[in-house]
Amino acid sequence: MPYDPAHSESRWQQAWDAAGSFRARRDERPKYYVLEMFPYPSGRIHMGHVRNYTMGDVVARYKRAQGFSVLHPMGWDAFGMPAENAAMEQGGHPRDWTYGNIATMRDQLRPLGLSIDWSREFATCDDDYVAQQQALFLDFLEAGLITRKSAQVNWDPVDMTVLANEQVIDGKGWRSNAPVERRELTQWFFRISDYSEELLAALDGLTGWPDKVRLMQANWIGKSRGLQFRFGTVDAPAGFDRVEVYTTRPDTLRGASFVALSPDHPLARTLAATDPRIAAFAEECRRGGTTEEAIETGEKLGLDTGLTVRHPLDPDWQLPVWIANFVLMEYGTGAIFGSPAHDERDHEFATKYGLPIPATFGERGMDIAAADALVAAGAYVPLKSETVTYVRGFAGAADQTGEAAVDAAIVVAERDGWGEAVTKYRLRDWGISRQRYWGCPIPVVHCGACGTVPESKQNLPVLLPLDVSFDVPGNPLDRHPSWAATSCPRCGGPARRETDTMDTFVDSSWYYARFTSPHAATPTDRADADYWMNVDQYIGGIEHAILHLLYSRFFARAMVQTGHLPETAKEPFDALFTQGMVTHEIYMTRDAQGRPVYHLPEDVTDGKLADGTAVDIIPSAKMSKSKKNVVDPVDIVTRFGADTARWFMLSDSPPERDVEWTAAGAEAAAKFLGRVWRLADETPQDGADDPDLTRAAHRAIADVTRAIDGFAFNKAVAAIYTLAAAVAKSPSGGEPRRAVLRIMAQLMAPMVPHLAEEVWAKSGGQGMVVDAAWPQADPAMLVDDSVTLPIQINGKRRAEITVPRDMAAAQIEAQVLADDTVQRFLNGAAPKKLIVVPGRIVNVVA
RNA sequence: GCCCGAGUGGCGGAAUGGUAGACGCAGCGGAUUCAAAAUCCGCCGCCGCAAGGCAUGUCGGUUCGAAUCCGACCUCGGGUACCA
């Protein structure tokens, strides 16, 4: 009888449901909280979801077998732009679109047989979640964690609307195609920058996180020590007798060639008010989007204001003041001094505008002329740890490292009273205001008499109005006839609701805490949160390495501060694993105009379309609808069963790396699972014991256990292949063989739980394998009596010897020297050196 | 631009600084079959008759020994604060 996954999988899913196997319970077992980043309900599940949730399921089922009380929940990151885009494009309401997608995706996810406690499911757009998130907002506001200030947004001057970065294509609005401008709006901010030092320092304790993520976060927070000082101005407008500057390279101060202001600097704005030339330039600087990428890669523009400032080390030395588009008001003081000899960007700027490029230092031993010649060709930017020779230094020795020179410069500035050491962080406050409909309303009202007033908690939730339209650009909340009209919670007078909604990153910054008590009347239930937090293992894409994870770390701290989480939960994720993407080949042809046309995998056979046209095959690209290289998991599950999809997603590629979906791979997975089923189905009733097979089973227990612990599911899969081959070859039968098959079922259960139940049942397992305790390897079964050592001669493998496992090094040496091949290579001479690494290798240095 | 990764047979990959290519796919050969599918067994980095040589993106370095550590570069990918 061949294996029939369709029948088997639904049967076991019903059995698990009936037994309540995955209901998370607070009991006497130690707890384990495993969480995968929850999905955005885009419409259908994709292979990336299958991969992500299968990995989490392996961990959840494995920990359950090891005796943990496991919490493994699922929910929906349900607010966001795509729902509004769908409403604009196809009509309908974002709410209906979202909940419809959730229903579809839940129906697609459940057949995967994930060990999820579905009773905890919620969507972030649920009224209840909105209510609790607004309660958190009010608590944070009261605790001083929220502020309001001005920030720049992308402005589409034709559609008269704010654009997300994603909606700016090559500097133009995606619908209007009009050049985008930067515009200032007053926005709500979480004061994450107050936590810069704390968030940076605590990274050291996150030993369960990948080093690369910790490094990325540390660089993002961007702590720097530098000097803040001021240039005295000459004939500047009233109130601007000084320009405040921050620099991380005060040692290059005598190499200064200009001062540059951000176009948004107060002095630049004051000058622009009276000088049309400066006003026009500032306008030009505001062209383009707000992304760091756009600003950093865009053309560097500058304008000489005609003003000058005095150099702090020499009052007679005057520097020109420029306005430059690459100086950001958000970082430092919004003004810099240009040191073109030792900064690529400043060098480019000085070269473009004919400004001097005086060297501050040169390579060790250079004189001033040599150093100037060196930097004339290009900026000289050695590592700060490298020793250089200062030709225009003012503090410390002539020969010193950049680090030492920076320190010395700060000491001199502080001693002489013209500057002070300042520590700055790159991390900016988290702007959460969005001029959009489909998000959590910010629970605040604007009162003519009282100003900005928090909504009172008994009026929560502030829900979105449902009678909105998306036929014109802009925020429907702004133009709704009545929604914003309300009364002031403080004075009772007429007031207007805040029409901005919250960034969807807010929703995803605390959902892990909500899962611990998803129906509580407060954001968390402290008894539940105290029990279940922290997330023991968090799993998701590397694309979230910075923003989502940093915001969540901040949010957990804010929730601790406002009493919603225990102190121990301020780092909410004990361990993090970042998995790779699922990719697929892209099939492309070009139309008459040479534009690319993409084709679905099912329309391509042997590199040709049905009409015989050859397609270009672009290997290994991220699955995306527009490239038509999406493989629908539903088709795979229908055709092969969930276990095949799960097995393939875990096979071959290491979890942290991208995996390419191939039809051949899926078929191979199905084939193997069929073979395992036959092994169980065709076990002879009688037969002998086979000690070699028992050893192979214990070897497999050890290998699979180590592989799962190390998140190397591909290696766990390989170990199971090896065990299956051993079973197939073994002459054993009867109970000894069934015992090994039961071990195999247990080892496979986290990965292919349905097939594992079948094999377990066929091999005489008691109850369900989902309830069986994880097998233990017998250490005595794992050691071999003898070991084969390769013999290298001068690092090249030339021979090998097999010796008892515990043979003494001296005896091994004697055997090696007696070896024919070694004798031949030594040619009678004594070896210069003989290295014996016990149990590993021998190297003869001739 | 800046920050962070990754690069190993025809393909996915394995390998505490210690036998490069575990395990699998594809391919080739065989068994079974009237035949095929399915299944099972064997071979399988490149060059060479062989001895041997060459091989982990490129170029250097450290080491008895480097895929692994260090430096420079190339290519691809992620992030770049309003995509999620």
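Residues numbered from 1 in each chain as written. Chains lettered and ligands numbered in written order. Predicted model: local features only at pLDDT ≥ 70, side-chain atom pairs only at ≥ 80, totals over all residues. Heavy atoms only, no water.

1. Concerning the overall build of chain A
So, step 1. Broken down by element type, chain A carries 27 helices and 34 strands.
So, step 2. Overall, the C-alpha framework of chain A stretches about 105 × 90 × 65 Å when taken along its three principal axes.
So, step 3. For chain A, long-range pairs separated by at least 24 residues make up 71% of all intrachain contacts whose partners lie at least 6 apart in sequence.
So, step 4. Total accessible area computed for chain A in this model is approximately 36,800 Å², and 50% of it derives from carbon and sulfur atoms.
So, step 5. Computed over 87 positive and 112 negative side-chain charges, the separation of the two mean positions in chain A equals 2 Å. (Helix = DSSP H or I, 4+ residues; strand = E, 2+ residues; numbered from the N terminus. Contact = heavy atoms within 4.5 Å. Areas by Shrake-Rupley, 256 points an atom, 1.4 Å probe, with all protein chains shown as cover. Lys, Arg positive; Asp, Glu negative; His and termini not counted. Charge placed at Lys NZ, Arg CZ, Asp CG, Glu CD.)

2. Here we look at the packing of aromatic side chains
So, step 1. Applying the stated criterion across every chain, the model contains 45 aromatic pairs.
So, step 2. A ring pair is formed by phenylalanine 122 and tyrosine 129, whose centres lie 5.0 Å apart and whose planes are at 20 degrees; its orientation type is stacked.
So, step 3. Here the aromatic rings of phenylalanine 326 and phenylalanine 349 are separated by 5.3 Å at their centres, their planes lie at 80 degrees, and the arrangement is edge-to-face. Residue phenylalanine 326 is found in the loop between β12 (314–324) and β13 (335–338), and its partner phenylalanine 349 is found in helix α11 (residues 344–353); the two are separated by 23 residues along the sequence. (Phe/Tyr/Trp six-rings, centres within 6.5 Å; stacked < 30°, edge-to-face > 60°.)

3. Thoughts on the confidence of the model for chain A
So, step 1. Here chain A shows a mean pLDDT of 91. Residues at 70 or above account for 97%.
So, step 2. Under the prediction, the complex receives an ipTM of 0.93, its pTM being 0.93. (pLDDT = per-residue confidence, 0-100.)

4. Points about the pairing of strand β7 (residues 181–190)
So, step 1. Note that strand β3 (residues 146–156) and β7 share ten bridges and pair antiparallel. Within β7, the position partnered with valine 153 by the bridge is arginine 183.
So, step 2. When β7 meets strand β18 (residues 430–431), the two strands line up antiparallel, connected through two bridges. When the bridges of β18 are listed, phenylalanine 190 appears paired with tryptophan 430. (Pairing = 2+ DSSP bridges.)

5. Concerning helix α21 (residues 663–681)
So, step 1. With 19 residues, α21 should reach 27 Å at 1.5 Å per residue; the first-to-last C-alpha distance of 27 Å fits that figure.
So, step 2. Along α21, the residues classified as buried are Gly665, Ala666, Ala669, Phe672, Leu673, Gly674, Val676, Trp677, Leu679 and Ala680. (Expected span 1.5 Å × (residues − 1). Buried < 20%, exposed > 50% of the residue type's maximum accessible area, 1.4 Å probe, protein only.)

6. So, the protein's contact with RNA strand B
So, step 1. If you check the shell around RNA strand B, you find 66 residues, and the closest are Asn165, Glu292, Arg436, Lys715 and Asn843.
So, step 2. For RNA strand B, the backbone portion of the atoms within 4 Å of the protein, that is sugar and phosphate, comes to 63%.
So, step 3. Contact distances for RNA strand B include 2.8 Å between a sugar or linking oxygen and a side-chain N or O atom of aspartate 77.
So, step 4. Methionine 81 places a polar main-chain atom, nitrogen or oxygen, 3.1 Å from a phosphate oxygen of RNA strand B.
So, step 5. For the surface near RNA strand B, a count of residues per class yields 24 nonpolar, 18 polar and 24 charged. (Near = heavy atom within 4 Å. Polar contact = N/O pair within 3.5 Å; in protein donor to acceptor, adjacent residues only side chain to side chain. Nonpolar A, V, L, I, M, F, W, Y, C, P; charged D, E, K, R; others polar.)

7. Concerning the environment of leucine 427
So, step 1. One can find leucine 427 in the loop between β17 (419–425) and β18.
So, step 2. Spatially, the C-alpha atom of leucine 427 lies 31 Å from that of proline 655, the residues being 228 residues apart in sequence.
So, step 3. Filtering out sequence-adjacent residues up to four positions away, leucine 427 remains in contact with Ile192, Ser193, Ser196, Leu199, Trp220, Ile221 and Leu550.

8. A look at the packing of helix α1 (residues 5–19) against helix α25 (residues 753–762)
So, step 1. Orientation of α1 relative to α25, taken along the N-to-C sense of each, is 85 degrees, at an axis distance of 9 Å. Between α1 and α25, the crossing angle belongs to the class labelled roughly perpendicular. Counted together, Ser8, Glu9, Arg11, Trp12, Gln13 and Trp16 of α1 and Pro753, His754, Glu757 and Glu758 of α25 form the full contact between these two elements.
So, step 2. Among the residues making up the contact of α1 with α25, the classes are represented as three nonpolar, three polar and four charged. (Axes fitted to C-alpha atoms, helices over the stretch in contact; angles between N-to-C directions. Parallel < 35°, antiparallel > 145°, perpendicular 65-115°, else oblique.)

9. Quick word on the sheet that holds strand β16 (residues 399–401)
So, step 1. Strand order in the open sheet made by the three strands is β14-β15-β16, with antiparallel pairing throughout. One side of each edge strand has no neighbouring strand; the edge strands of this open sheet are β14 (361–362) and β16.
So, step 2. Taken together, the three bridges between strand β15 (residues 387–390) and β16 define a ladder with antiparallel strand orientation. By the bridge assignment for β16, threonine 389 is matched with aspartate 399.
So, step 3. Along the sheet, helix α13 (residues 402–416) makes contact with β15 and β16, crossing β16 at roughly 95 degrees.

10. As for the side chain of asparagine 714
So, step 1. Here asparagine 714 lies in helix α23 (residues 713–729).
So, step 2. Judged by its relative accessible area of 15%, asparagine 714 falls in the buried class.
So, step 3. Beyond its immediate chain neighbours, meaning those up to four positions away, asparagine 714 contacts Leu650, Ser651, Asp652, Ser653, Pro654 and Pro655.

11. A word on the pattern of salt bridges
So, step 1. Evaluation of the coordinates by the stated rule reveals 47 salt bridges.
So, step 2. Arginine 26 is the partner of aspartate 528 in a salt bridge, and the nearest nitrogen-oxygen pair spans 2.9 Å. Of this pair, aspartate 528 sits in helix α17 (residues 526–532) while arginine 26 sits in the loop between α1 and β1 (31–36), and the two are 502 residues apart along the sequence.
So, step 3. On the basis of relative accessible area, arginine 26 is assigned to the partly exposed category, the value being 47%.
So, step 4. In this structure, aspartate 117 engages arginine 120 in a salt bridge whose closest nitrogen and oxygen atoms are separated by 3.0 Å.
So, step 5. Classification of aspartate 117 as buried rests on a relative accessible area of 2%.
So, step 6. What you see here is one network of salt bridges that share partners, running through Glu198, Arg553, Arg557, Glu567, Lys570 and Glu571. (Salt bridge = Lys/Arg side-chain N within 4 Å of Asp/Glu carboxyl O.)

12. Some details on α25
Two residues of an α-helix separated by three or four positions point the same way, owing to the 3.6 residues in each turn.
So, step 1. Counting buried residues in α25 gives eight out of ten residues, a clear majority hidden from the surface.
So, step 2. Buried within α25 are the following residues: Pro753, His754, Leu755, Ala756, Glu757, Glu758, Val759 and Trp760.
So, step 3. Those residues of α25 hidden inside the fold are in contact with α1, α2 (47–65), α20 (642–650), α21 and α24 (734–748).
So, step 4. Just beyond α25, the residue with positive phi is glycine 764, at close to 85 degrees.

13. Some thoughts on the side chain of threonine 247
So, step 1. Relative to the elements of secondary structure, threonine 247 occurs in strand β9 (residues 242–247).
So, step 2. Here the side chain of threonine 247 touches arginine 249 through a polar contact of 2.9 Å, landing on its backbone nitrogen.
So, step 3. Not counting residues up to four positions away in its chain, the partners in contact with threonine 247 are Gly226, Leu227, Phe229 and Phe337.

14. Points about the sheet that holds strand β33 (residues 833–837)
Note on sheets: strands pair through backbone hydrogen bonds, and any given pair is parallel or antiparallel.
So, step 1. The mixed open sheet is built from four strands, whose spatial order is β32-β31-β34-β33. Sheet topology places β32 (796–804) and β33 at the edges, where each strand pairs with a single neighbour. Direction aside, the axes of adjacent strands within the sheet are offset by 20 degrees on average.
So, step 2. Alignment of strand β31 (residues 786–793) against strand β34 (residues 841–845), held across three bridges, turns out to be parallel. Its bridge partner being in β34, isoleucine 793 is matched across the sheet by valine 844.

15. Things to note about the packing of α21 against α25
So, step 1. Two numbers describe how α21 lies on α25: the axes approach to 9 Å, and their chain directions differ by 15 degrees. With respect to each other, α21 and α25 are oriented roughly parallel. Here the hand of the crossing between α21 and α25 comes out left-handed. Every residue of α25 that contacts α21 at Leu673, Val676, Trp677, Ala680 and Asp681 is listed here: Leu755, Glu758, Val759 and Lys762.
So, step 2. Classifying every residue of the contact of α21 with α25 gives six nonpolar, no polar and three charged. (Left-handed = near helix turned anticlockwise from the far one by under 90°.)

16. Description of unusual backbone geometry
So, step 1. Between leucine 460 and proline 461 the backbone carries a cis peptide bond, its omega angle lying at -5 degrees.
So, step 2. Structurally, proline 461 is set in the loop between β21 (451–454) and α14 (476–479).
So, step 3. For the bond running from methionine 533 to asparagine 534, omega is 5 degrees, close enough to zero to count as cis.
So, step 4. Tracing the backbone through its elements, the reader meets asparagine 534 in the loop between α17 and β25 (537–541).

17. A closer look at the environment of phenylalanine 326
So, step 1. You can call phenylalanine 326 buried: its relative accessible area is 3%.
So, step 2. Ignoring anything within four residues of it in the chain, the contact list for phenylalanine 326 reads Ile295, Lys300, Ile336, Arg345, Asp346 and Phe349.

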